[in-house]
Amino acid sequence: EKSDNKHTGGGGGFGGSGGQQLFVGSEDEVQNIPDETESNNAFVDLGEVLWAEEAIEYLVAKGIVNGKEYRRFYPMDTVSREEFTKMLIEAFEIEIIDGKSGFEDVNAAEWYVKYVITAYNSGIVNGYTDIIFGIGENITRQDMAVMCCRAADKAGKMLVQVREAELFDDDNSIADYAKSSIYVLKEQGIINGVGGNMFAPYNTATRAEAAKMIYEIIS
């Protein structure tokens, strides 16, 4: 396995008090929200992802993810590779590592640099090539599975396949480096397909899917 291969596609589904501060997108730009009751602070756009609501609320409470706007999470928005990397490092409480990444598309002045460096040097993520990380690219479903398993291993959370999982019908489309991670997660009920026993490995992942997968492993 060399890289988290560069492919994108459509979406897909996985299994199933006081002033607030919300990150706007990925930047550390903080929007101060007036005091509201707890009920009024709930996200209002999770109706179509009720299967991920508990996961999203849990990660928000932990400060791992936040809404993009007041009371809006935007669950169906895609997740970039650097955004998901940040989520993993924080969710699995992996110690930040200083150093260099060697990737030409990683800007040392950007918010994501310490997370990319940590993930790369911890063996959690590779680049598309030795010199390209894929900054700004949407993460694929199969790469998300691989990175989750690697992060879990780094954090000492054992994810072990104890029996042979039923193959997805599009198993031949899944990259060889991703198969073991995908089937470990499938066997444990952490991921399912997108319907019709298809995994859609190159489809891009949504914010709801990312939150659900991480939550199922760490909770």
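Residues numbered from 1 in each chain as written. Predicted model: local features only at pLDDT ≥ 70, side-chain atom pairs only at ≥ 80, totals over all residues. Heavy atoms only, no water.

### Focus on the overall build of the protein
Within the protein, the secondary structure is distributed over six helices and two strands. Its helices and strands in sequence order give the protein the pattern β-β-α-α-α-α-α-α, from N to C terminus. The buried share of the protein, taken over its 219 residues, is 47%. Of the accessible surface of the protein, which amounts to about 10,400 Å², a share of 44% is contributed by carbon and sulfur atoms. (Helix = DSSP H or I, 4+ residues; strand = E, 2+ residues; numbered from the N terminus. Buried < 20%, exposed > 50% of the residue type's maximum accessible area, 1.4 Å probe, protein only. Areas by Shrake-Rupley, 256 points an atom, 1.4 Å probe, with all protein chains shown as cover.)

### Regarding helix α2 (residues 81–91)
Counting buried residues in α2 gives nine out of 11 residues, a clear majority hidden from the surface. Buried within α2 are the following residues: Arg81, Glu82, Phe84, Thr85, Lys86, Met87, Leu88, Ile89 and Ala91. Here the buried face of α2 lies against α3 (113–121), α4 (141–154) and α6 (207–218). The first or second residue beyond α2 is glutamate 93, which carries a positive phi of 55°. (Contact = heavy atoms within 4.5 Å.)

### So, the state of the cysteines
If you walk through the whole model with that rule in mind, you get zero disulfides. The thiol of cysteine 148 is not disulfide-bonded; the next cysteine sulfur, from cysteine 149, is found 7.1 Å away. Judged by its relative accessible area of 0%, cysteine 148 falls in the buried class. (Disulfide = S-S within 2.5 Å.)

### A look at the environment of alanine 145
Within the element layout of this structure, alanine 145 appears in helix α4. The spacing of alanine 145 and alanine 178 is 33 residues in sequence and 7.4 Å in space, taken between C-alpha atoms. Discounting residues that sit within four places of it in the chain, alanine 145 has contacts with Ser181, Ile182, Leu185 and Met213.

### Focus on the pattern of salt bridges
Under the defined criterion, the tally for this structure stands at six salt bridges. Here lysine 86 ties to glutamate 90 by a salt bridge, and the two come within 3.3 Å at their closest N and O atoms. With lysine 86 and glutamate 90 both in helix α2 and four residues apart, the pair spans about one turn of that helix. A residue is classified by how much of its surface remains accessible, and lysine 86, at 12% relative accessible area, is buried. Residue glutamate 209 is joined to arginine 141 by a salt bridge in which the shortest nitrogen-to-oxygen separation is 3.9 Å. In this pair, glutamate 209 is assigned in helix α6 and arginine 141 in helix α4, connecting sequence segments 68 residues apart. (Salt bridge = Lys/Arg side-chain N within 4 Å of Asp/Glu carboxyl O.)

### Digging into the nonpolar core
One broad rule of soluble globular proteins: the nonpolar side chains tend to lie buried together. Grouped together as the largest cluster of nonpolar side chains are 58 residues, with contacts concentrated most on Ile56, Phe84, Leu88, Phe92, Met213 and Ile214. Among the elements that line this core, the one with the most residues is α4, at eight residues. In this structure isoleucine 214 touches Leu59, Phe84, Met87, Leu88, Ala91 and Cys148, once residues within four positions along its chain are discounted. (Core = buried A, V, L, I, M, F, W, Y, C linked by side-chain atoms within 4.5 Å.)

### Focus: the environment of methionine 198
Tracing the backbone through its elements, the reader meets methionine 198 in the loop between α5 (176–187) and α6. Residue class for methionine 198 comes out partly exposed when judged on its relative accessible area of 33%. In this structure the C-alpha to C-alpha distance between methionine 198 and leucine 167, which are 31 residues apart in sequence, comes to 9.2 Å. Here methionine 198 is in contact with Phe168, Asp169, Asp170 and Gly193, once residues within four sequence places are set aside.

### A short note on the packing of aromatic side chains
With the rule as written, the count across this model stands at seven aromatic pairs. Aromatic pair phenylalanine 103 and tyrosine 120: ring centres 5.0 Å apart, planes at 75°, arrangement edge-to-face. Here phenylalanine 103 is found in the loop between α2 and α3, whereas its partner tyrosine 120 is found in helix α3, with 17 residues between them in sequence. Among the aromatic residues, those joined into a cluster by ring pairs are Phe103, Tyr120 and Phe133. The ring of tyrosine 128 has arginine 81 sitting right over it, with the charged end atom 4.4 Å from the ring centre. Its end group placed over the ring of phenylalanine 133, arginine 81 keeps NZ or CZ at 4.7 Å from the ring centre. (Phe/Tyr/Trp six-rings, centres within 6.5 Å; stacked < 30°, edge-to-face > 60°. Lys NZ or Arg CZ within 6 Å of the ring centre and 35° of its normal.)

Fair warning: the whole summary comes from geometry, so function is off the table for now.
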